[in-house]
Amino acid sequence: EAQVTQNPRYLITVTGKKLTVTCSQNMNHEYMSWYRQDPGLGLRQIYYSMNVEVTDKGDVPEGYKVSRKEKRNFPLILESPSPNQTSLYFCASSLERGYNEQFFGPGTRLTVL
Amino acid sequence: TQLLEQSPQFLSIQEGENLTVYCNSSSVFSSLQWYRQEPGEGPVLLVTVVTGGEVKKLKRLTFQFGDARKDSSLHITAAQPGDTGLYLCAGDPFSGTYKYIFGTGTRLKVLA
């Protein structure tokens with residue numbers, strides 16, 4: 001089954017404790033993104049990747065890191081999480097940038113205390 | 001910077017009514033997409049519009065892309081409770097980057 005998987009689905013952590021949210025897709029897609037969704041603000045792009053080893057900042061990259069060592073995986077790293085990073089996070093992939101459909105993972109609800 | 005403004009933000013209507021959701025920008029987009037999101041799930045694509053002036057129909061949903069490719073609308077005819085959800089427009093603006101932008105969203109509730 002073609003899908004985007006994210007883990008964990010739910011995470012409660014404390015300020016400053018490094019964490020990684022994994023994202024994997026099995027569709028051989030080139031373009032992958034991370035978004036955060038907050039009430040009233042819609043989905044905002046954190047980072048995106050055009051292909052392996054090619055990543056760039058979205059609109060809200062501060063406090064986040066990403067890597068794209070393999071085509072299928074695009075982990076999101078929070079080196080020192082803070083309460084303002086409490087949010088719902090989505091990973092997405094598409095065949096390429098542009099008007100190709102973006103496929104979303106199920107979301108990760110992160111709470112930073 | 002939010003490049004896509006949606007209106008209205010919230011909409012509560014009775015079953016059988018018609019409605020229109022708007023997605024506006026000051027930037028030109030190469031294409032615009034409409035997604036629908038249900039609680040606890042990721043957005044799912046409804047349609048992509050590419051050509052200025054393009055109109056696409058998906059059963060009771062009609063999507064239009066503005067002639068200048070800066071705006072789009074979603075019209076639902078005879079809304080049903082199953083149409084309830086969060087509607088999002090999105091696209092990639094001609095910005096010199098490869099960013100993908102989402103609108104602020106319209107939360108629709110259709111009452112039986």
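Residues numbered from 1 in each chain as written. Chains lettered and ligands numbered in written order. Predicted model: local features only at pLDDT ≥ 70, side-chain atom pairs only at ≥ 80, totals over all residues. Heavy atoms only, no water.

Participant: Break down the nonpolar core for me, citing the residues and quoting the values.
Facilitator: If you look at the biggest cluster of nonpolar residues, it comprises 21 residues, and the most contacted ones within it are Leu4, Leu19, Trp34, Phe63, Leu74, Ile76 and Leu108 of chain B. The set of elements that each furnish at least two residues to this core consists of strand E3 (19–24), strand E4 (29–37), strand E5 (44–49), strand E7 (61–65), strand E8 (71–76), strand E9 (85–93) and strand E11 (106–111) of chain B. In this structure Phe63 of chain B touches Trp34, Leu46, Val47, Val49, Glu54, Val55, Lys56, Leu58, Ser73 and Leu74 of chain B, once residues within four positions along its chain are discounted. With 19 residues, the next largest nonpolar core counts Tyr47, Phe74, Leu110 and Val112 of chain A among its residues. (Core = buried A, V, L, I, M, F, W, Y, C linked by side-chain atoms within 4.5 Å. Buried < 20%, exposed > 50% of the residue type's maximum accessible area, 1.4 Å probe, protein only. Helix = DSSP H or I, 4+ residues; strand = E, 2+ residues; numbered from the N terminus. Contact = heavy atoms within 4.5 Å.)

Participant: Outline the sheet that holds strand E7 (residues 65–66) of chain A, listing residues and values.
Facilitator: All names here are of chain A. If you trace the four strands from one edge of the open sheet to the other, you get E1-E3-E8-E7, paired in antiparallel fashion. Here the strands that pair on one side only, and so sit at the sheet edges, are strand E1 (4–7) and E7. The sheet contact formed by E7 and strand E8 (residues 76–78) spans two bridges and is antiparallel. The partner of Val66 across the bridge, within E8, is Leu76. (Pairing = 2+ DSSP bridges.)

Participant: I'd like a description of the layout of surface pockets, backed by residues and values.
Facilitator: A probe as big as a water molecule, rolled over the atoms, marks out the empty space that is left. A volume near 500 Å³ is recorded for the largest pocket. Looking at the largest pocket, it is lined by 28 residues, and the ones nearest its centre are Gln37 and Leu88 of chain A together with Gln37, Leu86 and Arg107 of chain B. Counting only elements with at least two residues in the lining of the largest pocket, the list comes to strand E4 (31–38) and strand E9 (87–94) of chain A together with E9 and E11 of chain B. The greatest single-element share of the lining of the largest pocket, amounting to three residues, is contributed by E9 of chain A. Its residues placed into classes, the lining of the largest pocket shows 10 nonpolar, 12 polar and six charged. Lining the second largest pocket are 15 residues, and of these Phe103, Phe104 and Gly105 of chain A together with Pro43 and Val44 of chain B lie nearest its centre. The set of elements that each furnish at least two residues to the lining of the second largest pocket consists of strand E10 (103–104) of chain A together with E5 of chain B. Here the lining of the second largest pocket is composed, by residue class, of eight nonpolar, four polar and three charged. (1 Å grid on protein atoms, 1.4 Å probe; cavity = no way out; pocket = protein on both sides within 12 Å on 5 of 7 lines; lining within 4 Å. Points joined across faces, edges and corners; volume = space filled by probe spheres on them. Nonpolar A, V, L, I, M, F, W, Y, C, P; charged D, E, K, R; others polar.)

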